[in-house]
4 protein chains.
Amino acid sequence: MNVSFLQELLNTVAEQGRSLLPKSLFREDPDRGLQALVQALVSERGEASGVAIARQLLHHYKLLKAEEREAFFRYIAHTLTPESSRVADAARAYLDKPSPGSLLNLQKAVESPRQEFFRRLNLAPGATADLVAMRRDLLGFLKKYPELTVVDSDLRHLLYSWFNRGFLVLRRIDWQTSASILEKIIAYEAVHEIKGWEDLRRRLDPADRRCFAFFHPSLIDDPLIFVEVALMQDIPGAIAPVLHEPAKSEPIENPTTAVFYSISNCQEGLKGVSFGNFLIKQVVEELVREVPSLKTFVTLSPVPTFARWLEKESLDAASEVVTEEDREVLTSLKPASWASSEQENAELKASVLALAADYFLRAKSADNKPVDPVARFHLGNGARLERINWLGDTSEKGLREAHGLMVNYRYELKEIEKNHEAYANDGPVACSRAVKALLRSPSKTKSFVKTVVQPEPPKALAPPKKSPEEDKIEAPAMPKAE
Amino acid sequence: MNVSFLQELLNTVAEQGRSLLPKSLFREDPDRGLQALVQALVSERGEASGVAIARQLLHHYKLLKAEEREAFFRYIAHTLTPESSRVADAARAYLDKPSPGSLLNLQKAVESPRQEFFRRLNLAPGATADLVAMRRDLLGFLKKYPELTVVDSDLRHLLYSWFNRGFLVLRRIDWQTSASILEKIIAYEAVHEIKGWEDLRRRLDPADRRCFAFFHPSLIDDPLIFVEVALMQDIPGAIAPVLHEPAKSEPIENPTTAVFYSISNCQEGLKGVSFGNFLIKQVVEELVREVPSLKTFVTLSPVPTFARWLEKESLDAASEVVTEEDREVLTSLKPASWASSEQENAELKASVLALAADYFLRAKSADNKPVDPVARFHLGNGARLERINWLGDTSEKGLREAHGLMVNYRYELKEIEKNHEAYANDGPVACSRAVKALLRSPSKTKSFVKTVVQPEPPKALAPPKKSPEEDKIEAPAMPKAE
Amino acid sequence: MNVSFLQELLNTVAEQGRSLLPKSLFREDPDRGLQALVQALVSERGEASGVAIARQLLHHYKLLKAEEREAFFRYIAHTLTPESSRVADAARAYLDKPSPGSLLNLQKAVESPRQEFFRRLNLAPGATADLVAMRRDLLGFLKKYPELTVVDSDLRHLLYSWFNRGFLVLRRIDWQTSASILEKIIAYEAVHEIKGWEDLRRRLDPADRRCFAFFHPSLIDDPLIFVEVALMQDIPGAIAPVLHEPAKSEPIENPTTAVFYSISNCQEGLKGVSFGNFLIKQVVEELVREVPSLKTFVTLSPVPTFARWLEKESLDAASEVVTEEDREVLTSLKPASWASSEQENAELKASVLALAADYFLRAKSADNKPVDPVARFHLGNGARLERINWLGDTSEKGLREAHGLMVNYRYELKEIEKNHEAYANDGPVACSRAVKALLRSPSKTKSFVKTVVQPEPPKALAPPKKSPEEDKIEAPAMPKAE
Amino acid sequence: MNVSFLQELLNTVAEQGRSLLPKSLFREDPDRGLQALVQALVSERGEASGVAIARQLLHHYKLLKAEEREAFFRYIAHTLTPESSRVADAARAYLDKPSPGSLLNLQKAVESPRQEFFRRLNLAPGATADLVAMRRDLLGFLKKYPELTVVDSDLRHLLYSWFNRGFLVLRRIDWQTSASILEKIIAYEAVHEIKGWEDLRRRLDPADRRCFAFFHPSLIDDPLIFVEVALMQDIPGAIAPVLHEPAKSEPIENPTTAVFYSISNCQEGLKGVSFGNFLIKQVVEELVREVPSLKTFVTLSPVPTFARWLEKESLDAASEVVTEEDREVLTSLKPASWASSEQENAELKASVLALAADYFLRAKSADNKPVDPVARFHLGNGARLERINWLGDTSEKGLREAHGLMVNYRYELKEIEKNHEAYANDGPVACSRAVKALLRSPSKTKSFVKTVVQPEPPKALAPPKKSPEEDKIEAPAMPKAE
């Protein structure tokens, strides 16, 4: 390939973007209403002047108020829809005689004209970012106007295709990165807030810190997702030292452990288009190349719904998990200052860790997956639960959401595929022996039989499989914050 | 936006591409057959290890012989297909009760799993170029195996979406461009052959020459389409001076006319995904910005099927176009050397030009569009036929195909949209008065009534409209040479 | 030229710099003392292994404490000196028979071996920045050890040659610039302090603000000098609105006036190597190209020594400048809050402005140039004094140093050369009529005769001319702050 | 450091260079003669308008004919010279009382104003390249006008300082490099002619070939020196296979030997400013980093003056080297076709190799260094003579100059410094045992005593040492071809 030519090549885009966009030379009609522009774009005229019309349409859209945007989406929901008689004819023809030909006809008949509409919108310079912003708006309207779901389905389908991992570019973010990107890192960080530029520098600049982000060539000043990494000698059990330790003047010699301590999605408009899995794996490859001494790849992750789950179980007199002894011990968690005073409370620690093991390994949602959203993400990626850390995050948020617990998920290259398959097939939760050892014996909590004894449910019982893509894009998205 | 960050950002891609790709750290299984890889890629395992499997699959594909590639495509044509019972159910449900919901279900049921298959293939580094190359193979197999049409339909649909003009980048090609790109320009030039590096330099380096190409960020060392331009003081009537005039030591002062004298598509695998229209219009915008003295934008184009058409008409005793006088005069065209000896043959010139006017303005194909493929392209873009040039191309090819004629199409910004609509609605061919004046009067050739008197055929007679995209991608592609 | 190749070309430097420098493969001897390294570098061995020895020497130097660095400089002051017998022989030979040949020999005999020493030091990667830092150290030792002047003379001579304007590159600094450069802008700003990143953004990001810096290719992450510019409709009279006005959402249409409101030298180690003159003129050229509506180029400058001068004159009973009336009126300046209460004190304003006119137009230093250092800089560049602004800077510093005055110097392209020559020849100070009108009549202040009546002192009285370079580098350097 | 900022930073230079340089806004006076411009540049006016005057002066210079350029140099030789009375005064003052102060004064008095003149010329954009071209002109005039030596001394001194290795950038040249650079590689190759673009590609593109060049940031489209390298498994003995072997489809696994088979200086105007030493050593470092399997670094070098030397010795009846037997055997070398017919002539081979060993190890020039210029270069760099290859270059040139011999010089990292010192001190020539074994015994050729027995001549006999720099820049420059 050709480094420098590419660089030049993309100057064009970027330079045009930097200055105000020059007015197109082609005809623009300022008085045209938005509906007229929609119609023009999908008509013959859209073929001759697509770029100019798309530019105008996007410009108009940005000037709209929220309720006008709603109206716009409802308009295209009702107007840009496959012709029902053509669909019906094609459906009948297919039922009559199923064949590749009749199927192809049916596929064409049902394709939503909105897809071509959005593709033509994308002709305008900078339009990809605008479309992502449009989808963010649209997501906000879905609750009020469920009929817009079909518009979202089309737009998401397109973005899923356009933001294919093959088009993304991984870049290191560091102190040499431009201020305009860095301020977005500050704004988008969703796990451990970055408190200004000095805090940011502490995360990017020291020799034992890394940050990587995915970018799309058409959204060049805006990261899609980024991860912050600390290079260490051991698996850390608490976040505070990772965030606040002063930078060492000398980089550590031969770090062995890469700790992914924060991963944040940046674009709400790309909800349901998942990058985290790819990001973590590519960053692992990058780090191995750069720092061959690295052998262990773990996260240091929050446990966002543990406290909520525990409260529910505690209130449930029939809980198979929380014992009477637990209930008594857990009262220590009430005072705001418990974490500083109760650090040495061995009983409390034992109870909480055992309950947390249950939370991770046995508790399941309706879809038969773990209840913890971060666990779902990392286990789904093929990681295993490595360690549950007592007093890992004693920030107000950490205490409130997780009674101070943090966990490590470990990415062991040789196990990723196997773990992912086990997860996908509702097998037992991949975890280390140490975590498993925290579990109370099955005689004590009746839930055991359900999950571990039957590691692989009979296929007949497995839920009907969805199509791969569907599964991908409808899966509960990674939470904004891990 | 951010020039430099983008540059860095794309270094990653390019640097990885330059060296041999490092072996992935993730599990690869060299003994896995191609079919197993196809199945793995669309399965759960494809979600965990998609990048690695896609890489392996593409690697295997490249080692296949032609007949093995055929077998591969036939395999995915038969295997990766929507489940017929699910399609039938959804079709019935829709017919039963047409609604946004039942339509959405039907859309999902009919979506070809090959689309997700190709999207997952694209996860591998460099895969986009491989997919374009795959489609080139596939196009070659369609005649022998028409059942592969459905595979092509899926792949073309995806490429059409991925190579959306919004993702393309226009770049100037000049003597500073890398040798690896320039040798592709030499290879891809399809209109006026480039005879080695010195010839190339004559087209790129002089101050009054320009060359622009579209690139896609994932095919960074390979142009998609390029156009060569000469900046002049007048509309040229012949190609030889444009190609062979020695470079002036001083650039012309304030050129008024930009002449697009060659436009070549580069990627056979993108057949049916059209860029030419966008390229010409963006180059016009670029040139106006750079050289404000430019006022006129014309092509100097070949007339590839004129000789063939004229022969057919001449042989047709019932021709309404070729008169007896013509037949006599046209015998002068027989000797190989006629062009040098007959330059001053006024009768011959008059006959040929009148017949050419007929060829452009009245002769139509079955689809009611002009017979000349280059005319179809430029007129479809909204240009008008500006001039027919006697002895414009006296090369062997020019004489053989067009009896030496060349034409200019003119892009007049204010008329482009109107012309395009006229073209789309089978209205009269947009042309200058000078060209119209070449036409013989209707009394002489009976075809007149058909085309000019009825500038806009009654809508009822217009052919049924296709969906916009369909029209776009199924339209007869621009020929490799203009 | 070749943009992209250059970019690649410099990647090398930068990439090497980013990571820790790889250990050289060539022999390094860690136990070698600094003196041994100095000797090795200037010996034969320095020719074979210059890069490695220079690298080692610079590494050692950085580990030295201040007094060890003094010792190092004293060592090279005494050791690396022309051989006195050779100098004496060459001097005698020249006196004996002055000729080009004997002169050449003398030139060679007197050339300080320290120059070759420093040139060889520069062989090491990144050495240029180290040499600049070394000179900063050296300047701090000169007072204590005047014998080091000869070392400084050699080093300055070299840096003057290496930082020739022909090697500098002008770059716009904006919000896309990397954080590592931007934090240096914050640190180096010497005129109007930048209070953090938000304040920085206010100076760089709005559409009507510009910042430009000179860089040297061997100090790529460190600006040499930068200037901040506001694009306006009028010449401003006060700094506060320039600094604090909220950014307009829309850029001003067709600004007419570029205001250089802050210019800061960055490298103490380059003291005496002046860039400001070149920077201003090139920025004027850049701005004219980018914003053709600009017609007026002015500074908004501090008056750093006005208050001190005025106090001295006031205390001097024999002052020819300060009248009794002035003395009385000036008492109003005493209270800290005078600026807010005395804005409308017409008498005070009249006195101060008249005295300021005297300060600028008549008061001279021993070298017969204006006393104000900023005036010396801009007048020496060929600007003229355009306006003296009452209450231009009411910050604590502005009031303390200049009783709140600020001035505008104007760069009028057609006058620059003439003004510079007048300045160089101790002619009258170039100024607008408005400024001249502030001067009291000569009858009132006796100093008039001295300066304006004799616009050009007879050549015989002019101070002996120095060689051009000497003049350049020994001229009172532009103050760190304008 | 900061990769991307630098890239942006240098865009400025390059972009300005690419288009025609915009007219300066500052005053230019087209009628000013060259002498007036010279005077203006060194005067006060040169300080205010140096950039504009330098630009004009360089523009005028380029329009001059050869004899006008001679006149220009003679003008500055006579005019821009230290004031003789000032030199005399300073010389006397120094002799009177030698002190750092009087020395400093003397240094200033003798500095040639031409140096400041050339430094000011360098203010103009692109001037560095112009100054290099100027020196090329000047070198051509030296023979006719020896008085211009003083001008050359000044200019060379400046270029020596400006082209310090610390400012140079090493870049790989490959098939991604721009055509404008590559055509210069073709033009500058001085050892083994490159016959067009295909030949060039064979040297750059295969996976086992490398090419590296030094660039200066102010001459960005013009290499200073470049070296071509082949990665191999063994030390090659002949050039033809290196040049003509077809590219392997697969890169060699783990090459052990890097062969520098061609090194060419590019800029005649930089004669005497030597880069080759630095280039080879840095390329060795680069290659070791990229290809860790490399252990051996050798050249494959021509022997340009062997045939001439041998002829002289043969004609010299008193030769201590050529025996009667040799004379007889050497007659076989006469016929043009001897190389193909005499390959197996063991006697001839023995004679020639023995004589060549003498040529390299014993024959000395007047300066007591080897007679072979390529040997002087590599031995001076610290390499050793590794092997003498029979029939290494059977091209017409190879046979004519060296009777087909080629040699390998080996760069052994641990020996470089020692070898260089031996060379500098006229010690024995560093060579392998195999080469030494080719030498005839001392009894046979009387020259032995002279060189090997006295490995280190007593210091007293060593020629007086020159100052380091002088030595560097006056040393016989590396020949254009190696």
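Note that the structure is a prediction, hence the values are computed from the model and not measured.

**Looking at the overall build of chain A**
Turning to step 1, where the next piece is worked out: Looking only at helices and strands, chain A has 23 helices and seven strands in total.
Turning to step 2, where the next piece is worked out: Counting all 482 residues of chain A, 60% fall into the buried class.
Turning to step 3, where the next piece is worked out: Sequence separation of 24 or more characterises 73% of the internal contacts of chain A that already satisfy a separation of 6 or more.
Turning to step 4, where the next piece is worked out: On chain A, roughly 19,800 Å² of surface is accessible, and the fraction owed to carbon and sulfur atoms is 54%.

**A few points about the packing of helix H18 (residues 373–381) of chain D against helix H20 (residues 416–424) of chain D**
Residues and elements named next belong to chain D.
Turning to step 1, where the next piece is worked out: For the pair H18 and H20, the least separation of the axes is 7 Å and the interaxial angle reads 125°. Taken together, the axis directions place H18 and H20 in an arrangement best described as oblique. Judged by residue contacts, Arg376, Leu379, Gly380 and Asn381 of H18 engage Ile416, Asn419, His420 and Tyr423 from H20.
Turning to step 2, where the next piece is worked out: Of the residues contributing to the contact of H18 with H20, the split by class is three nonpolar, four polar and one charged.

**Section: the side chain of Ser180 of chain B**
Turning to step 1, where the next piece is worked out: Position of Ser180 of chain B among the secondary structure elements: in helix H10 (residues 179–188).
Turning to step 2, where the next piece is worked out: The class for Ser180 of chain B is buried, based on a relative accessible area of 5%.
Turning to step 3, where the next piece is worked out: One polar contact links Ser180 of chain B to Ser178 of chain B, side chain to side chain, over a distance of 3.0 Å.
Turning to step 4, where the next piece is worked out: One polar contact links Ser180 of chain B to Gln176 of chain D, side chain to side chain, over a distance of 3.3 Å.

**Observations concerning the pattern of salt bridges**
Turning to step 1, where the next piece is worked out: Considering all chains together, one arrives at 124 salt bridges over all chains under this definition.
Turning to step 2, where the next piece is worked out: Arg201 of chain B is paired through a salt bridge with Asp205 of chain B; the nearest N and O atoms lie 3.8 Å apart.
Turning to step 3, where the next piece is worked out: Residue classification places Arg201 of chain B among the partly exposed positions, given a relative accessible area of 22%.
Turning to step 4, where the next piece is worked out: The exposure class of Asp205 of chain B is partly exposed, given its relative accessible area of 36%.
Turning to step 5, where the next piece is worked out: Glu386 of chain D is the salt-bridge partner of Arg384 of chain D, the closest N and O atoms lying 2.7 Å from each other.
Turning to step 6, where the next piece is worked out: According to the relative accessible area criterion, Arg384 of chain D is buried, its value standing at 13%.
Turning to step 7, where the next piece is worked out: Here Glu386 of chain D falls in the buried class, since its relative accessible area comes to 11%.
Turning to step 8, where the next piece is worked out: Taken together, the salt bridges that share partners define one network made up of Glu189, Asp199, Arg202, Arg203 and Glu228 of chain A.

**With respect to the packing of aromatic side chains**
Each pair of aromatic rings is reported with the distance of its centres and the angle of its planes.
All names here are of chain A.
Turning to step 1, where the next piece is worked out: A complete count under the given rule lists 54 aromatic pairs over all chains for this structure.
Turning to step 2, where the next piece is worked out: Connected via pairs of aromatic rings, a cluster forms that spans Tyr61, Phe72, Phe73, Phe117, Phe118 and Phe141.
Turning to step 3, where the next piece is worked out: Sitting above the plane of the Tyr423 ring, Lys369 keeps its charged end 4.6 Å from the centroid.

**Looking at the environment of Pro373 of chain B**
All names here are of chain B.
Turning to step 1, where the next piece is worked out: Mapped onto the elements of the fold, Pro373 is located in helix H18 (residues 373–381).
Turning to step 2, where the next piece is worked out: The class for Pro373 is partly exposed, based on a relative accessible area of 25%.
Turning to step 3, where the next piece is worked out: Between the C-alpha atoms of Pro373 and Thr305, which are 68 residues apart in sequence, the distance is 7.8 Å.

**Some words on the pairing of strand S6 (residues 384–389) of chain B**
Residue and element names in this part refer to chain B.
Turning to step 1, where the next piece is worked out: Most of S6 is tucked away: five of the six residues are buried.
Turning to step 2, where the next piece is worked out: Inspection of the sheet shows S6 paired to strand S7 (residues 406–410) by five bridges, in the antiparallel sense. Of the residues in S7, the one forming a bridge with Ile388 is Val407.

**Remarks on the state of the cysteines**
Turning to step 1, where the next piece is worked out: Overall, the coordinates contain zero disulfides over all chains when judged by the stated rule.
Turning to step 2, where the next piece is worked out: Cys266 of chain B carries a free sulfur, and the closest cysteine sulfur to it, the one in Cys211 of chain B, is 9.2 Å from it.

**Here we look at unusual backbone geometry**
Turning to step 1, where the next piece is worked out: Its identity as a non-glycine residue notwithstanding, Asn368 of chain B has a phi of 70°, on the positive side.
Turning to step 2, where the next piece is worked out: Secondary-structure assignment places Asn368 of chain B in the loop between helix H17 (346–361) and H18.
Turning to step 3, where the next piece is worked out: The residue His403 of chain D is not glycine, and still its phi comes out positive at about 45°.
Turning to step 4, where the next piece is worked out: Using a relative accessible area of 14% as the deciding quantity, one classes His403 of chain D as buried.

**Here we look at helix H5 (residues 84–96) of chain C**
Turning to step 1, where the next piece is worked out: Here H5 of chain C is 13 residues long and its end C-alpha atoms lie 18 Å apart, about the 18 Å a rise of 1.5 Å per residue gives.
Turning to step 2, where the next piece is worked out: Where the residues of H5 of chain C are buried, they touch helix H6 (100–110) of chain C together with helix H5 (84–96) and helix H6 (100–110) of chain D.

**Details of the confidence of the model for chain A**
Residue and element names in this part refer to chain A.
Turning to step 1, where the next piece is worked out: Chain-level statistics for chain A give a pLDDT mean of 83 and a share of 83% at 70 or above.
Turning to step 2, where the next piece is worked out: Taken together, the stretch residues 1–31 has pLDDT below 50 and engages in 100 contacts with residues farther than four places along the chain or on a different chain.
Turning to step 3, where the next piece is worked out: Scored below 50 in pLDDT, residues 445–482 makes 68 contacts in the model with residues more than four places away or belonging to other chains.
Turning to step 4, where the next piece is worked out: For this predicted complex, the interface confidence reaches an ipTM of 0.83, while the overall pTM sits at 0.85.

**A word on the environment of Ala133 of chain D**
Turning to step 1, where the next piece is worked out: Within the element layout of this structure, Ala133 of chain D appears in helix H8 (residues 127–141).
Turning to step 2, where the next piece is worked out: Spatially, the C-alpha atom of Ala133 of chain D lies 35 Å from that of Leu231 of chain D, the residues being 98 residues apart in sequence.

Criteria and cut-off values
- Residues numbered from 1 in each chain as written.
- Chains lettered and ligands numbered in written order.
- Predicted model: local features only at pLDDT ≥ 70, side-chain atom pairs only at ≥ 80, totals over all residues.
- Heavy atoms only, no water.
- Helix = DSSP H or I, 4+ residues; strand = E, 2+ residues; numbered from the N terminus.
- Buried < 20%, exposed > 50% of the residue type's maximum accessible area, 1.4 Å probe, protein only.
- Contact = heavy atoms within 4.5 Å.
- Areas by Shrake-Rupley, 256 points an atom, 1.4 Å probe, with all protein chains shown as cover.
- Axes fitted to C-alpha atoms, helices over the stretch in contact; angles between N-to-C directions.
- Parallel < 35°, antiparallel > 145°, perpendicular 65-115°, else oblique.
- Nonpolar A, V, L, I, M, F, W, Y, C, P; charged D, E, K, R; others polar.
- Polar contact = N/O pair within 3.5 Å; in protein donor to acceptor, adjacent residues only side chain to side chain.
- Salt bridge = Lys/Arg side-chain N within 4 Å of Asp/Glu carboxyl O.
- Phe/Tyr/Trp six-rings, centres within 6.5 Å; stacked < 30°, edge-to-face > 60°.
- Lys NZ or Arg CZ within 6 Å of the ring centre and 35° of its normal.
- Pairing = 2+ DSSP bridges.
- Disulfide = S-S within 2.5 Å.
- Expected span 1.5 Å × (residues − 1).
- pLDDT = per-residue confidence, 0-100.

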